[in-house]
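Chain residues, written in single-letter form:
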Amino acid sequence: DNDGLELTSFELNPHYLVDLGGGLALGGGPGFGYVAADSGNDSDGVFALQAGLSLHYRQGPLFLGAEARYQWTQEAELGGADTDLANSRLLGKVGWSF
């Protein structure tokens with residue numbers, strides 16, 4: 001939600017990992033999704049494609065990870081103008097296995 005534009009997305013991100021040894025794994029994969037955009041006065045929905053890369057570390061029950069992902073979208077029509085909803089993100093992950 002930024003400057004009156006709210007984006008809500010549904011994504012499927014299959015991810016493939018290659019074990020590098022020492023608890024490290026390098027991953028990557030495509031993504032497919034749908035992005036709903038709402039500007040308050042107008043709304044539209046578009047399909048999206050993604051590409052992502054990640055690095056994972058596991059030591060016992062501890063999990064640490066980082067992922068970079070870019071998302072390409074169709075142009076949404078908001079307020080009579082085509083709006084580019086493409087975006088990028090960087091994620092940090094921390095987990096504990098039970």
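Everything that follows concerns the structure shown earlier in this document.
Now for a look at the structure at hand. Every value quoted in this text rests on a predicted model; they were computed, and no experiment measured them.

The rules we used
- Residues numbered from 1 in each chain as written.
- Predicted model: local features only at pLDDT ≥ 70, side-chain atom pairs only at ≥ 80, totals over all residues.
- Heavy atoms only, no water.
- Patch = residues over 30% accessible without salt bridge, like charges linked within 9 Å, V, L, I, M, F, W, Y side chains within 5 Å.
- Areas by Shrake-Rupley, 256 points an atom, 1.4 Å probe, with all protein chains shown as cover.
- Salt bridge = Lys/Arg side-chain N within 4 Å of Asp/Glu carboxyl O.
- Lys, Arg positive; Asp, Glu negative; His and termini not counted.
- Charge placed at Lys NZ, Arg CZ, Asp CG, Glu CD.
- Buried < 20%, exposed > 50% of the residue type's maximum accessible area, 1.4 Å probe, protein only.
- Phe/Tyr/Trp six-rings, centres within 6.5 Å; stacked < 30°, edge-to-face > 60°.
- Helix = DSSP H or I, 4+ residues; strand = E, 2+ residues; numbered from the N terminus.
- Core = buried A, V, L, I, M, F, W, Y, C linked by side-chain atoms within 4.5 Å.
- Contact = heavy atoms within 4.5 Å.

**Side note on a negative patch on the surface**
Turning to step 1, where the next piece is worked out: A cluster of acidic side chains, namely Glu75, Glu77, Asp82 and Asp84, defines a negative patch on the protein surface.
Turning to step 2, where the next piece is worked out: Using a relative accessible area of 52% as the deciding quantity, one classes Asp84 as exposed.

**A short note on the packing of aromatic side chains**
Turning to step 1, where the next piece is worked out: Applying the stated rule across the entire model yields 2 aromatic pairs.
Turning to step 2, where the next piece is worked out: Aromatic pair Tyr34 and Phe47: ring centres 5.4 Å apart, planes at 70 degrees, arrangement edge-to-face. With Tyr34 in strand β3 (residues 24-38) and Phe47 in strand β4 (residues 43-59), this pair connects stretches of sequence that are 13 residues apart.
Turning to step 3, where the next piece is worked out: Between the aromatic rings of Tyr70 and Trp72, the centroid separation amounts to 4.9 Å while the plane-to-plane angle is 65 degrees, which identifies the pairing as edge-to-face.
Turning to step 4, where the next piece is worked out: With a relative accessible area of 46%, Trp72 lands in the partly exposed category.

**Points about the pattern of salt bridges**
Turning to step 1, where the next piece is worked out: Considering all chains together, one arrives at 3 salt bridges under this definition.
Turning to step 2, where the next piece is worked out: A salt bridge links Arg89 to Glu11; the shortest N-O distance between them is 2.8 Å. Note that Arg89 is positioned in strand β8 (residues 87-96) and Glu11 in strand β1 (residues 6-12), a separation of 78 residues in sequence.
Turning to step 3, where the next piece is worked out: Judged by relative accessible area, which is 25%, Arg89 ranks as partly exposed.
Turning to step 4, where the next piece is worked out: Owing to a relative accessible area of 21%, Glu11 belongs among the partly exposed residues under this scheme.
Turning to step 5, where the next piece is worked out: The shortest N-O distance in the salt bridge between Arg69 and Glu67 comes to 2.7 Å.
Turning to step 6, where the next piece is worked out: Several salt bridges converge on common partners, so that one network encompasses Glu67, Arg69 and Lys93.

**Remarks on the nonpolar core**
Turning to step 1, where the next piece is worked out: By size, the foremost hydrophobic cluster in this structure holds 7 residues: Val35, Ala37, Val46, Ala48, Ala76, Leu78 and Leu85.
Turning to step 2, where the next piece is worked out: Where this core is concerned, the elements lending two or more residues are β3, β4 and β6 (75-78).
Turning to step 3, where the next piece is worked out: Excluding anything up to four places from it in sequence, Ala76 contacts Asp44, Val46, Ala81, Asp82, Thr83 and Leu85.

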